[in-house]
Amino acid sequence: GGWYCFNRENCDTRYDTMRRLMSSREWPATRVGTGILSSQPEENPHWWNANMVFIPYCSSDVWSGASSKSEKNEYAFMGALIIQEVIKELVGKGLGTAKVLLLAGSSAGGTGVLLNVDRVAEQLEEMGYQGIQVRGLADSGWFLDNKQYRRTDCIDTITCAPTEAIRRGIRYWNGIVPERCKLQFKEGEEWNCFFGYKIYPTLRCPVFVVQWLFDEAQLTVDNVHLTGQPVQEGQWLYIQNLGRELRNTLKDVTASFAPACLSHEIITRNHWTDIQVKGTSLPRALHCWDRSLHESNKNGKAPLKGCPIHLIDSCPWPHCNPSCPTIRDQFTGQEMNVIQFLMHMGFDVQKMAQQQGLEPSKLLGMLSSGN
């Protein structure tokens, strides 16, 4: 993950301020895997002993580009080609004998999974490895092409509405989208394939979608900025509506995990085992999904009993799920509990209690326990 840049100006700025996302020159020689990349069973209960390959992001093109540096182009955008090359190289290192390949990513990398998972499966088939089941895990990359809370002109990465940024980006990166998705849209409308709910129905490989209902990156591009000031009512309604819209786009996604939290990215965080939806943790849901795919390959039976894979919070506002990660005040860095956070968001406990016909103290109790 790490956003993107979509024109000469904002790529120059990115190169000056976040070079590690533009070039591998200053990358550390080693990294420690965390979350789903951890080799510690306590932190990664089901896949601690899997073969893992970490592909850092330096292409700034949501893993879609296929353009080399030229006189016209100061930068090369080769996200799609980088993935192909890595697969080619891994086949000789043991991937050829694998049963399952899970292509996982967070944020821009999560969108990258949606764009590349079928292409990786096709590539392996063409190389003669039909036996490898290719699957995707997209974390925090399921963005909505919704209307911004406040419309702003497309000046930089943060203020530009996602649809406009991707529209410009595809041209700049010479971005590739999967053929099956491309066919759903008119020429020039390929940007649609960067949005999860539009590309998902066209995918052949099974994909597990992990998405916070109140994703911080989504709120940022929608111009909802949660600073130290209380949120106005319009913003509060906008945030709740975002959760509803997102929940709606996930209802037909077979395997999903969507907590009602305000956060961004999860699978490589060491607290990824703590978050639960309806009493099931993310590693467990992924394990259930893995098993259900093995089972269905055998006999196409119904889903495994007591092993859920479609987990979406139904409570309506940020952090109404008590297992959400800790929230910190963006200015002071202090931790906030749910009630402090809701007050900070301009949530009116008296008014809300009245609407629900409850005593304010009872409502506060319910909020604290996450009911």
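This section reports on the structure supplied with the text. No experiment lies behind these values; they were computed from the predicted model shown.

1. Here we look at the pattern of salt bridges
A pair can form between side chains of opposite charge whenever their charged atoms are brought close.
Here is step 1 of the chain: Going through the model one piece at a time under the given rule, you end up with nine salt bridges.
Here is step 2 of the chain: The shortest N-O distance in the salt bridge between K198 and D145 comes to 2.6 Å. Here K198 is found in helix α6 (residues 196-199), whereas its partner D145 is found in the loop between β2 (133-139) and α4 (162-173), with 53 residues between them in sequence.
Here is step 3 of the chain: Among the residues examined, K198 registers a relative accessible area of 18% and is labelled buried.
Here is step 4 of the chain: Between R167 and E164 there is a salt bridge, with the nearest N and O atoms lying 3.5 Å from each other. One end of the pair is R167 and the other is E164, both in helix α4 and three residues apart, which spans about a single turn.

2. Notes on the packing of aromatic side chains
Here is step 1 of the chain: Taken as a whole, this structure holds 12 aromatic pairs when the rule is applied.
Here is step 2 of the chain: For the ring pair W191 and F195, a centre distance of 6.0 Å and an interplane angle of 85° mean the geometry is edge-to-face. For the residue pair W191 and F195, the accessibility class agrees, reading buried in each case.
Here is step 3 of the chain: Here the aromatic cluster, defined as three or more aromatic residues joined through ring pairs, consists of W3, Y4, F6, W173 and F194.

3. Here's the deal with the environment of D252
Here is step 1 of the chain: By secondary structure assignment, the location of D252 is in the loop between α8 (233-249) and β5 (255-258).
Here is step 2 of the chain: Since its relative accessible area comes to 63%, D252 is described here as exposed.
Here is step 3 of the chain: Considered as a pair, D252 and Y238 are 14 residues apart in the sequence and their alpha carbons are 23 Å apart.

4. Brief notes about the state of the cysteines
Here is step 1 of the chain: As enumerated under the stated definition, the model contains six disulfides in all.
Here is step 2 of the chain: Between the sulfur atoms of C5 and its disulfide mate C11 the distance is 2.1 Å. On the sign convention where negative is left-handed, the bridge of C5 and C11, at about 95° about the S-S bond, is right-handed.
Here is step 3 of the chain: For C5, a relative accessible area of 0% translates into the label buried.
Here is step 4 of the chain: Paired by a disulfide, C315 and C320 hold their sulfur atoms 2.0 Å apart. Measuring handedness by torsion sign, the sulfur bridge of C315 and C320 sits at about 80° and is right-handed.

Definitions and limits used
Residues numbered from 1 in each chain as written. Predicted model: local features only at pLDDT ≥ 70, side-chain atom pairs only at ≥ 80, totals over all residues. Heavy atoms only, no water. Salt bridge = Lys/Arg side-chain N within 4 Å of Asp/Glu carboxyl O. Helix = DSSP H or I, 4+ residues; strand = E, 2+ residues; numbered from the N terminus. Buried < 20%, exposed > 50% of the residue type's maximum accessible area, 1.4 Å probe, protein only. Phe/Tyr/Trp six-rings, centres within 6.5 Å; stacked < 30°, edge-to-face > 60°. Disulfide = S-S within 2.5 Å.

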